[in-house]
Amino acid sequence: MPGSLPATAQATWPNDVGIIALEIYFPSQYVDQTELEKFDGVSAGKYTIGLGQSKMGFCSDREDINSLCLTVVQRLMERNNLSYDCIGRLEVGTETIIDKSKSVKTVLMQLFEDSGNTDVEGIDTTNACYGGTAALFNAVNWVESSSWDGRYALVVAGDIAVYATGSARPTGGAGAVAMLVGPNATLILERGLRGTHMQHAYDFYKPDMVSEYPVVDGRLSIECYLSALDRCYSTFRNKIHAQWQKEGNDEPFNLNDFGYMIFHSPYCKLVQKSLARLLLNDFINDPNPNTESGVYEGLDSFRDVKLENTYFDRDVEKAFLNASSELFNEKTKASLLVSRENGNMYTPSVYGCLASVLAQYSPQQLAGQRIGVFSYGSGFAATLYSIKVTQDATPGSSLDKLTSSLSDLKVRLDSRKNVSPSIFAENMKLREETHHLASYIPQGTVDDLFAGTWYLVRVDEKHRRYYARSSLMDDLPREAALESVRLSTANEHIPSPAKKVPRLPDTAEAISVTNGEH
């Protein structure tokens, strides 16, 4: 396993810091967007063509932000044979708040109990869909700092995206992503190459602390997203060009210099428009664009447009969507697998796009590529940064292991249960009425959960939440979880640091989450 260094090496500047392993979780049920169109009484294609969405994953009252994150963290640790005492920092990015004081990170620390490791820095980070990226940057910065003690950092991004009945509801979704961060990484965050834009806006926000639903200004939200993309791309381009000049390369940076380009995906159609917008940026900034042939052919009439005047210009949008269609198919389309099939996961959204790319391309296709990443969170905060994939694509390499670990992504998506829109609506109504209650026992079934999924057992009179993990074997009773109250893990340890951890039994187990000591 790359990334782990002995304590004697902690004073050295770590090289190639980034993502070593990645795991994704999404709910085991979904609603079909074509069926939802009929149920909602909207025109055919409004959700599937207009938004570019196919299916939308959702949670019953059996799952919350704590259970999503418990599931994805334990899966990452188990699938990569990692010990909990090799983690020195744990960062969580989420906007799904079920407690105004107690962090999701402290809930996850219960997974660490049997290892005896309590020396774990980090806490939750919140700003709409940007929290996961902020958590990742915090983890990378820790590894690159004097505070680093030679252990891994673990980053978790998770959310449940739900909307009130209406036009925004089909843009929901749910899921979580966990990422292991360290040096000598498979996916290296290119140092110093981040273009960030932050500004104040009320485009999407959640001022009602009792409700899960946001307040959304749809038009402003799109304008903020696209304007942030313009500014982040400009800053990124300037930084990488300056770096190239120091190396003797005076060529300007453009979209072709990304092997793949992924975006935060509120819905897939906006991502396609965003890729087109990057081409518009390149076109405007090209001192001598060839409008007679090639990708800019026929675009001469748009030469003098101002970016800030084009957010809702249909002529510009259509022209550059057509011009960028081949680039979209080459660089971005594959990244939308999870977004299209599961919906918007908020903080994990862009990392679900990263998982989609890793799942669908071979190590040989990915090796050495630069992946552009645009992360956006309403309110608003955004960054465009780049990931450089390791060059080593040999069998058994870290890249080979990473892509192999995600190779079942499409199978997992296809194995989910299709739930009727009426049942989906009932689940949303149930969540609306009960997500904040004390002395509550969830009504949703656990029979359809994926194996090894953590779920909510009950909420007591003091709002303390109790969880259980479904069996790792599908043929064992799910409710066996309630027979145990202690947590153990099934990890064999990497060489450093080393401490034996008990093996997870095949039956599920229950843990409690309290608002204080327990």
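Just above sits the structure.
Below is a short write-up of the structure. As the structure is a prediction and not an experimental result, all values here were calculated from the model.

Some points on the sheet that holds strand E13 (residues 381–389)
Here comes step 1: Strand order in the open sheet formed by 9 strands is E5-E4-E6-E7-E1-E8-E13-E12-E11, and the pairing between neighbours is mixed. Looking at which strands have only one partner, the edges of the open sheet turn out to be strand E5 (124–125) and strand E11 (260–263).
Here comes step 2: One ladder, built from 2 bridges, connects strand E1 (residues 18–25) with strand E8 (residues 187–198); its direction is antiparallel. The residue of E8 that forms the bridge with Gly 18 is Ile 188.

Quick notes on the packing of helix H5 (residues 218–246) against helix H6 (residues 268–285)
Here comes step 1: Where H5 contacts H6, the two axes come as close as 10 Å, and the packing angle between them is 45°. By the criterion of interaxial angle, the relationship of H5 to H6 is oblique. Between H5 and H6 lies a crossing whose hand is right-handed. Contact residues: Tyr 225, Leu 226, Leu 229, Asp 230, Tyr 233 and Arg 237 in H5; Leu 270, Ser 274, Arg 277, Leu 278, Asn 281, Asp 282 and Asn 285 in H6.
Here comes step 2: Taken together, the residues that form the contact of H5 with H6 break down as 6 nonpolar, 3 polar and 4 charged.

What about helix H4 (residues 131–143)?
Here comes step 1: Under the 1.5 Å per step criterion, the end-to-end length of H4 is 19 Å for 13 residues, consistent within 8% with the ideal 18 Å.
Here comes step 2: Within H4, 11 of the 13 residues are buried, which leaves the element mostly enclosed by the surrounding structure.
Here comes step 3: Listing the buried residues of H4 in full gives Gly 131, Gly 132, Thr 133, Ala 134, Ala 135, Leu 136, Phe 137, Ala 139, Val 140, Trp 142 and Val 143.

Description of the nonpolar core
Here comes step 1: Of all hydrophobic cores here, the largest spans 148 residues; its most connected members are Leu 108, Phe 320, Leu 354 and Phe 374.
Here comes step 2: Among the nonpolar cores identified, the runner-up in size contains 6 residues, and Leu 449, Tyr 455, Val 457 and Tyr 466 belong to it.

A look at the environment of Tyr 440
Here comes step 1: The residue Tyr 440 is located in the loop between helix H14 (421–434) and strand E15 (454–459) in this model.
Here comes step 2: Judged by its relative accessible area of 9%, Tyr 440 falls in the buried class.
Here comes step 3: Between the C-alpha atom of Tyr 440 and that of Arg 465, which follows or precedes it by 25 residues, the distance is 9.4 Å.
Here comes step 4: A polar contact of 3.5 Å, which involves the side chain of Tyr 440, links it to the side chain of Thr 434.

Side note on the environment of Glu 212
Here comes step 1: Along the chain, Glu 212 turns up in the loop between strand E9 (204–205) and strand E10 (215–216).
Here comes step 2: Assessed through its relative accessible area of 16%, Glu 212 is described here as buried.
Here comes step 3: Measuring from C-alpha to C-alpha, the distance between Glu 212 and Ile 98 comes to 9.1 Å, with 114 residues separating the pair along the chain.
Here comes step 4: Setting aside residues up to four positions removed in sequence, Glu 212 forms contacts with Val 162, Lys 206, Arg 431 and His 435.
Here comes step 5: Of note is the side chain of Glu 212, whose polar atom sits 2.9 Å from the side chain of Arg 431.

Points about the packing of H6 against helix H7 (residues 314–323)
Here comes step 1: In contact at an axis separation of 8 Å, H6 and H7 are set at 95° when each is read in the N-to-C sense. With respect to each other, H6 and H7 are oriented roughly perpendicular. Of H7, the residues touching H6 (which contributes Gln 272, Lys 273, Ala 276, Leu 279, Leu 280 and Phe 283) are Val 316, Glu 317, Phe 320, Leu 321 and Ala 323.

What counts and what doesn't
Residues numbered from 1 in each chain as written. Predicted model: local features only at pLDDT ≥ 70, side-chain atom pairs only at ≥ 80, totals over all residues. Heavy atoms only, no water. Pairing = 2+ DSSP bridges. Helix = DSSP H or I, 4+ residues; strand = E, 2+ residues; numbered from the N terminus. Axes fitted to C-alpha atoms, helices over the stretch in contact; angles between N-to-C directions. Parallel < 35°, antiparallel > 145°, perpendicular 65-115°, else oblique. Left-handed = near helix turned anticlockwise from the far one by under 90°. Contact = heavy atoms within 4.5 Å. Nonpolar A, V, L, I, M, F, W, Y, C, P; charged D, E, K, R; others polar. Expected span 1.5 Å × (residues − 1). Buried < 20%, exposed > 50% of the residue type's maximum accessible area, 1.4 Å probe, protein only. Core = buried A, V, L, I, M, F, W, Y, C linked by side-chain atoms within 4.5 Å. Polar contact = N/O pair within 3.5 Å; in protein donor to acceptor, adjacent residues only side chain to side chain.

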